[in-house]
Amino acid sequence: MADIEFTDNSAVVKAALSEGVRAFLYEAGGELQAQTMRNSRVDTGQTRGSYQYKVEEGSGESTAHVGSNLQNAIWEEFGTGEYALHGDGRKGGWKYVDAKGKGHFTRGKKPNRPLYNAFNALREKLKRRLEEILTSKMG
């Protein structure tokens, strides 16, 4: 009977997968951030320029987060007033004075969905890119 030798490469494989996932998350985060910025409406450019991404690496799970710390980004994504995405905004309109001192009447802001649309536009491309990266790490 022939001797069978077993070589455990699981640590090498796990390290390669982890490295591939890390590389993908940084690439995907940057792509999503850039597409979200391109999708954003521009008045002053403040909201557009506020989108950032961050990768959090953990032992069991790593994630990429894309978003903005500005309240207007929430309004751009989900809308306000009568146009709120889930129909739960203020009804009947309201008046406000903008930063330039000009008065306005509005029934709300229609959602533009820059982050949601960026994710949907890039979803298949990012899936293919993840496959490419992981395949190259395992090859």
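What you see is a predicted model; the values in this text were computed from it and never measured. (Residues numbered from 1 in each chain as written. Predicted model: local features only at pLDDT ≥ 70, side-chain atom pairs only at ≥ 80, totals over all residues. Heavy atoms only, no water.)

### Concerning the overall build of the protein chain
And then number 1: The number of helices and strands found in the protein chain is 4 helices and 4 strands.
And then number 2: Its helices and strands in sequence order give the protein chain the pattern α-α-β-β-α-β-β-α, from N to C terminus.
And then number 3: Taken over C-alpha atoms, the radius of gyration comes to 22 Å for the protein chain, far larger than the 14 Å a tight globule of 139 residues would show.
And then number 4: Taking the principal axes of the C-alpha coordinates as reference, the protein chain spans close to 90 × 25 × 25 Å.
And then number 5: Looking at the protein chain residue by residue over its 139 residues, the buried ones come to 24%. (Helix = DSSP H or I, 4+ residues; strand = E, 2+ residues; numbered from the N terminus. Rg over C-alpha atoms; globule rule 2.2 N^0.38 Å. Buried < 20%, exposed > 50% of the residue type's maximum accessible area, 1.4 Å probe, protein only.)

### Quick word on the pattern of salt bridges
And then number 1: Under the defined criterion, the tally for this structure stands at 11 salt bridges.
And then number 2: With a closest N to O distance of 2.6 Å, Glu 19 and Lys 137 form a salt bridge. Taken together, the residues Glu 19 in helix 1 (residues 10-39) and Lys 137 in helix 4 (residues 114-138) connect sequence positions 118 residues apart.
And then number 3: Accessibility expressed as a relative area gives 39% for Glu 19, which makes it partly exposed.
And then number 4: One salt-bridge network, held together by shared partners, links Glu 27, Arg 129 and Glu 132. (Salt bridge = Lys/Arg side-chain N within 4 Å of Asp/Glu carboxyl O.)

### Topic: helix 3 (residues 71-78)
And then number 1: Listed as buried for helix 3 are Ala 73, Glu 76 and Glu 77. In a view along the axis of helix 3, the buried residues occupy a sector of 95 degrees, so they form one face of it. Residues of helix 3 that are exposed and angled more than 90 degrees away from the buried face: Gln 71 and Ile 74.
And then number 2: In this structure, the buried side of helix 3 is in contact with helix 2 (46-50) and helix 4.
And then number 3: Directly after helix 3, the chain includes Gly 79, whose backbone phi takes a positive value near 80 degrees. (Arc of directions from axis to C-beta. Contact = heavy atoms within 4.5 Å.)

### Re the packing of helix 1 against helix 4
And then number 1: Where helix 1 meets helix 4, the closest approach of the two axes is 9 Å, and the angle between their N-to-C directions is 155 degrees. With respect to their mutual orientation, helix 1 and helix 4 come out roughly antiparallel. Crossing hand, helix 1 versus helix 4: right-handed.
And then number 2: Counted by class, the contact of helix 1 with helix 4 contains 17 nonpolar, 5 polar and 6 charged residues. (Axes fitted to C-alpha atoms, helices over the stretch in contact; angles between N-to-C directions. Parallel < 35°, antiparallel > 145°, perpendicular 65-115°, else oblique. Left-handed = near helix turned anticlockwise from the far one by under 90°. Nonpolar A, V, L, I, M, F, W, Y, C, P; charged D, E, K, R; others polar.)

### Overview of the side chain of Ser 50
And then number 1: Secondary-structure assignment places Ser 50 in helix 2.
And then number 2: With relative accessibility at 12%, the residue Ser 50 sits in the buried group.
And then number 3: Once residues lying within four places of it in the same chain are set aside, the contact partners of Ser 50 are Gly 67, Ser 68, Asn 69 and Leu 70.

### Quick word on a nonpolar patch on the surface
And then number 1: Where nonpolar side chains cluster on the molecular surface, the patch consists of Ile 74, Trp 75, Phe 78 and Leu 85 and spans about 370 Å² of accessible area.
And then number 2: Mapped onto the elements of the fold, Leu 85 is located in the loop between helix 3 and strand 3 (94-97).
And then number 3: Its relative accessible area of 35% is what places Leu 85 among the partly exposed residues. (Patch = residues over 30% accessible without salt bridge, like charges linked within 9 Å, V, L, I, M, F, W, Y side chains within 5 Å. Areas by Shrake-Rupley, 256 points an atom, 1.4 Å probe, with all protein chains shown as cover.)

### What to know about the pairing of strand 4 (residues 103-106)
And then number 1: As judged from the 4 bridges shared by strand 3 and strand 4, these two strands associate in the antiparallel manner. Residue pairing for strand 4: Trp 94 is matched across the bridge by Thr 106.
And then number 2: Taking the residues that link successive antiparallel strands as the turn, the strand 3-strand 4 hairpin has 5 residues, and the phi of Gly 101 there is positive, at about 85 degrees. (Pairing = 2+ DSSP bridges.)

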